[in-house]
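Here is how the chains run, residue by residue.
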Amino acid sequence: MSGKTTIYDIAKALNITAATVSRALNNNPKISQSTRKIVLETANKMNYKQNKLALALRSGKSNNVGVIVPRINTNFFASVIRGIEEGLHPEGYQVIICQTHEDENREVENVNTLLNAQVDGIFMSISNLPKENNHYIERVIQKNIPLIFFDRKKEMKNVSSVTIDDYLASYQTTQHLIEQGCKKIAYFSGDRSLEIYEDRYRGYEKALLDNNIPINPDYIISIKSNVTEGRDAVEKLLALENPPNAIFSTSDFAALGAIQKLKERGIKIPEDFCVFGFGNEPFTKFMELSISTIDQSPLEMGKMAAQVFLDKINNKKSESKVILSPKLLIRQSSTRIPQI
C-alpha cells in the first residue's frame, strides 16, 4: 500500500465502519474482544500508526512528559533524567528531553514546545539566569499541568519541587574544612540569584560565623561550572596578600580546575591546601587524588520527582516540597586528619 494507512483503510479491508475501527483501537468497552482482536491484527499487518497528537487532544492525555535541564552532558542531570524515566516508564509514560544551555529564551521556547505537544507534566531545573518575569511558568500552572522543579527551583505557589538541603550541605562541608585545620576558606559560588546558590552561600557563611571566623569578601568568587574558571579563580586567590588555604567549590568541574592550577604551582594537596567540590561527578573518585564532594543523589531525586508527579495526577495531591539529605563524600583532597 502507498501512503499512510488510515482507519478507513482498515474498515474497508474488514468491511466494517470506521467508527467501529476507532472504538476497537481505543479499547472501547462497547466493542467485543473478538472484533478488537481482528482489528488490531489487521492494523498491525497494514502498518497502521495512530496519530498520538490527535489521540491526546481527544483524551486529554498524551502519556508524554517533558524534562527541561540546563544541559545533559553532566552525570547529575543525566542521572536525574534516568530516575524520572525509570519511575514513569512502567506507568506508560515517555520522556521528552529539552536543554536550555543556560539561555532563558530557549527555556521559554522549551516550555511552549512541550505545552504544544500536549505533555501531561513538566519537570524543570531552571536556567542559571535571573528571571524578570515568569509568564511562561505561569502558563503551565494556568493549564493545570503538573510542574515539578528539581535541583534548581523557584519558590512558587502550586509548583512542587525535589531538592537536596543545600544549606546543610554547605554548612557541613565548611565545618569539615575547619576541622581539618583550615581557617581561610575560599568559596566558589554559582549565581546567587538562584535559590540553591544563595542557600549554599548561607550555609558556608553560618559555619564560619559559628566558628568565629571572619568572612573575607576577597575569598568569595562567583564562577561558572567549568575547569577553566576554577583555574582562573585560583590565580586570583594566590595573588592575594593573604591567600586562603582551602577552597569549597559549588562545582566539581571548578574544583578540578583549582586542583590542576594548585599542582602546577607546586602546592601540596591536602597538606598545604584543601579542596572540596559539589556534585559527585564520576571523575572525582577515579582521579589519582580523589576529590571530596557532595552527592546530590540525582537518581533518587529523579525517582522522587516522578513519584511526586504520579501522586499529583492519580491522587490529586497539592504541591509537594521534598528535601533530600545531602551526602558528604570525604576523600583525599580535603583530608588532613584521618576520619574516624
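Parameters and conventions
- Residues numbered from 1 in each chain as written.
- Predicted model: local features only at pLDDT ≥ 70, side-chain atom pairs only at ≥ 80, totals over all residues.
- Heavy atoms only, no water.
- Helix = DSSP H or I, 4+ residues; strand = E, 2+ residues; numbered from the N terminus.
- Rg over C-alpha atoms; globule rule 2.2 N^0.38 Å.
- Buried < 20%, exposed > 50% of the residue type's maximum accessible area, 1.4 Å probe, protein only.
- Expected span 1.5 Å × (residues − 1).
- Contact = heavy atoms within 4.5 Å.
- Pairing = 2+ DSSP bridges.
- Right-handed = clockwise from strand over helix to strand, strands pointing away.
- Phe/Tyr/Trp six-rings, centres within 6.5 Å; stacked < 30°, edge-to-face > 60°.
- Lys NZ or Arg CZ within 6 Å of the ring centre and 35° of its normal.
- Salt bridge = Lys/Arg side-chain N within 4 Å of Asp/Glu carboxyl O.
- Axes fitted to C-alpha atoms, helices over the stretch in contact; angles between N-to-C directions.
- 1 Å grid on protein atoms, 1.4 Å probe; cavity = no way out; pocket = protein on both sides within 12 Å on 5 of 7 lines; lining within 4 Å.
- Points joined across faces, edges and corners; volume = space filled by probe spheres on them.
- Nonpolar A, V, L, I, M, F, W, Y, C, P; charged D, E, K, R; others polar.
- Polar contact = N/O pair within 3.5 Å; in protein donor to acceptor, adjacent residues only side chain to side chain.
- Core = buried A, V, L, I, M, F, W, Y, C linked by side-chain atoms within 4.5 Å.

Peer 1: Tell me about the overall build of the chain, and please be specific about residues and values.
Peer 2: Looking only at helices and strands, the chain has 13 helices and 12 strands in total. In summary, the chain has a C-alpha radius of gyration of 26 Å against a globular reference of 20 Å for 340 residues, an excess of more than 25%. Taken along its principal axes, the extent of the C-alpha atoms in the chain is 90 × 40 × 40 Å. Counting the 340 residues in the chain, one finds 48% classified as buried.

Peer 1: I'd love a proper account of helix α5 (residues 75-88), names of residues and values included.
Peer 2: Its 14 residues place the ends of α5 20 Å apart at the C-alpha level, agreeing with the 20 Å of an ideal helix rising 1.5 Å per residue. Every buried residue belonging to α5 is among F76, F77, S79, V80, I81, G83, I84 and L88, and all of these are buried. In this structure, the buried residues of α5 make contact with β1 (64-69), β2 (94-99), β3 (121-124), β4 (147-150) and α13 (298-315).

Peer 1: Give a detailed account of the pairing of strand β6 (residues 185-189), specifying residues and quantitative values.
Peer 2: Burial analysis of β6 places five of its five residues in the buried class, which makes it a mostly covered element. As judged from the four bridges shared by β6 and strand β8 (residues 246-249), these two strands associate in the parallel manner. Across the sheet, residue I185 finds its bridge partner in β8, namely A246. Crossover handedness for the path β6 to helix α9 (residues 195-210) to strand β7 (residues 220-222): right-handed.

Peer 1: Hey, could you go over the packing of aromatic side chains for me, with residue numbers and the actual values?
Peer 2: By the definition in use, this model includes 12 aromatic pairs. Over the face of the ring belonging to Y201 we find R192, whose NZ or CZ atom lies 3.8 Å from the ring centre. Above the ring of F278, the side-chain terminus of R200 is found at 3.7 Å from the ring centroid.

Peer 1: Account for the pattern of salt bridges, naming residues and giving values.
Peer 2: This structure, assessed with the given rule, holds 15 salt bridges. Its salt-bridge partner being E86, residue K303 comes within 3.4 Å of it at the nearest N-O pair. Separated by 217 residues along the polypeptide, K303 in helix α13 and E86 in helix α5 bring together distant segments of the chain. When the shortest N-O distance is used, the salt bridge between D199 and R202 registers 3.2 Å. Note that D199 and R202 are positioned in helix α9 at a spacing of three residues, about one turn of the helix. What makes D199 partly exposed here is its relative accessible area of 24%. Overlapping salt bridges, with partners in common, bring together R231, E235, K261, E264 and R265 in one network.

Peer 1: Can you break down the sheet that holds strand β9 (residues 274-276) residue by residue, with the values?
Peer 2: Reading across the sheet, the four strands line up as β7-β6-β8-β9 and stay open at both edges, with parallel pairing between neighbours. The open sheet terminates on both sides in strands that have one partner only, identified here as β7 and β9. Ignoring which end each strand starts from, the neighbouring axes of this sheet average 15° apart. The sheet contact formed by β6 and β7 spans three bridges and is parallel. Residue pairing across strands places Y187 opposite I220, the latter belonging to β7.

Peer 1: Outline empty space enclosed by the protein, listing residues and values.
Peer 2: Counted according to the given criterion, the structure contains one cavity of 30 Å³ or more. Around the largest cavity, the lining comprises 18 residues; the ones closest to its centre are R71, S225, T250, F278 and Q296. A per-element tally of the lining of the largest cavity places α9 first, with three residues. In the lining of the largest cavity, the residues fall into six nonpolar, six polar and six charged.

Peer 1: Before we move on, could you go through helix α11 (residues 252-264) and cite the residues and values that matter?
Peer 2: An ideal rise of 1.5 Å per residue puts 18 Å on 13 residues; α11 measures up with 18 Å between its terminal C-alpha atoms. Turning to α11, its buried residues number three or more, namely D252, A254, A255, L256, G257, A258, I259, K261 and L262. Those residues of α11 that are buried lie in contact with β6, α10 (227-238), β8, β9, α12 (283-286) and β10 (293-295). Between a side-chain oxygen at the N-terminus of α11 and the backbone nitrogen of F253 the separation is 3.2 Å; the capping residue is S251.

Peer 1: Before we move on, can you summarise the nonpolar core with the specific residues and values?
Peer 2: Ranked by size, the top nonpolar core spans 60 residues in total, and within it L88, F123, F150, I185, F188 and F248 carry the most contacts. Counting residues in hydrophobic clusters, the runner-up holds 22 residues, among them I68, L115, I122 and M124.

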